[in-house]
Amino acid sequence: MAPTSAAPEAFTRAVAGLRAAAPREEILLEEIAAPQRLAPYGFALSATVLRDGEEVASGRLILLHDPDGHEAWRGNLRLVTLITAELESDLAGDPLLPAVAWTWLTDGLEQHAAAYTAIGGTITQTASTRFGELAGPLPTADLEIRASWTPTSDDLGAHLQGWCTMLASTAGLPPPGVTSLNRQRASTA
């Protein structure tokens, strides 16, 4: 349901904060169409995370706004994310991975002082082996993070930075300014 009047100020400030924040160079952001039926106002970004020129993770961040508020959200703004990444096969069965992946989100938000409430989500890890007509590639393992939280302010630049920090962790990127030993060895060989 598309609103016919101008967007509320809280929503336009929130969108401006998302648009103004600049992620690290390995993360490519693009505005995409937001879901229409979840809230009166929506805005969405997609992300592609590159490591050595190859896509290693992707995600979406959706901003929802209901001027009347939403009881479950405990506010009138809500951020929703879905992130997927390919894993090394030995991590697919690690029972600690979901808890660690959850801290990538909470630590990323806290690192950037992105205050929130009503956070929740799921972490799914899968392993796939192909057979028959689909046989060929080696087994694959994937991680999927679904989460949502309510920002306690409509200045969302810090939330985007925290989300990008989580994307980088999910993709296995080293912290900014740190060179991976594997990359350093490859460049000296």
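Residues numbered from 1 in each chain as written. Predicted model: local features only at pLDDT ≥ 70, side-chain atom pairs only at ≥ 80, totals over all residues. Heavy atoms only, no water.

With 42 residues, the main nonpolar core has Leu-18, Val-49, Leu-63, Leu-143, Ile-145, Leu-160 and Trp-163 as its most contacted residues. Elements that contribute at least two residues to this core include exactly α1 (9–20), β2 (41–51), β3 (54–70), β4 (75–87), α2 (97–111), β6 (140–151) and α3 (157–171). Counting residues per element, this core draws most heavily on α3, which supplies seven residues. Leu-143 has contacts with Ile-83, Thr-84, Ala-85, Leu-87, Leu-97, Ala-101, Trp-104, Ile-123, Thr-124, Gln-125 and Thr-170, leaving out every residue within four places of it along the chain. In terms of nonpolar packing, the next biggest core, distinct from the first, is built from six residues, Ala-39, Ala-44, Leu-64 and Trp-73 among them. (Core = buried A, V, L, I, M, F, W, Y, C linked by side-chain atoms within 4.5 Å. Buried < 20%, exposed > 50% of the residue type's maximum accessible area, 1.4 Å probe, protein only. Helix = DSSP H or I, 4+ residues; strand = E, 2+ residues; numbered from the N terminus. Contact = heavy atoms within 4.5 Å.)

Turning to unusual backbone geometry, a few remarks are in order. Although it is not a glycine, Asp-52 adopts a positive phi angle of roughly 55°. Topologically, Asp-52 is positioned in the loop between β2 and β3. One non-glycine residue with positive phi stands out, namely Ala-118, at about 50°. Counting through the fold element by element, Ala-118 comes out in strand β5 (residues 116–128).

With that settled, consider the pairing of β3. Consecutive residues of a regular strand have side chains that alternate between opposite faces of the sheet. Looking at chain direction, β2 and β3 are connected through 11 bridges and run antiparallel. Across the sheet, residue Ser-46 finds its bridge partner in β3, namely Arg-60. Connecting the antiparallel pair β2 and β3 is a turn made up of two residues, with Asp-52 showing a positive phi of about 55°. Across 10 bridges, the pairing between β3 and β4 is antiparallel. The partner of Leu-61 across the bridge, within β4, is Thr-81. Hairpin geometry of β3 and β4 is characterised by an intervening segment of four residues between the two adjacent antiparallel strands and by a positive phi of about 60° at Arg-74. (Pairing = 2+ DSSP bridges.)

Keep in mind that these numbers describe shape and distance, not what the molecule does.
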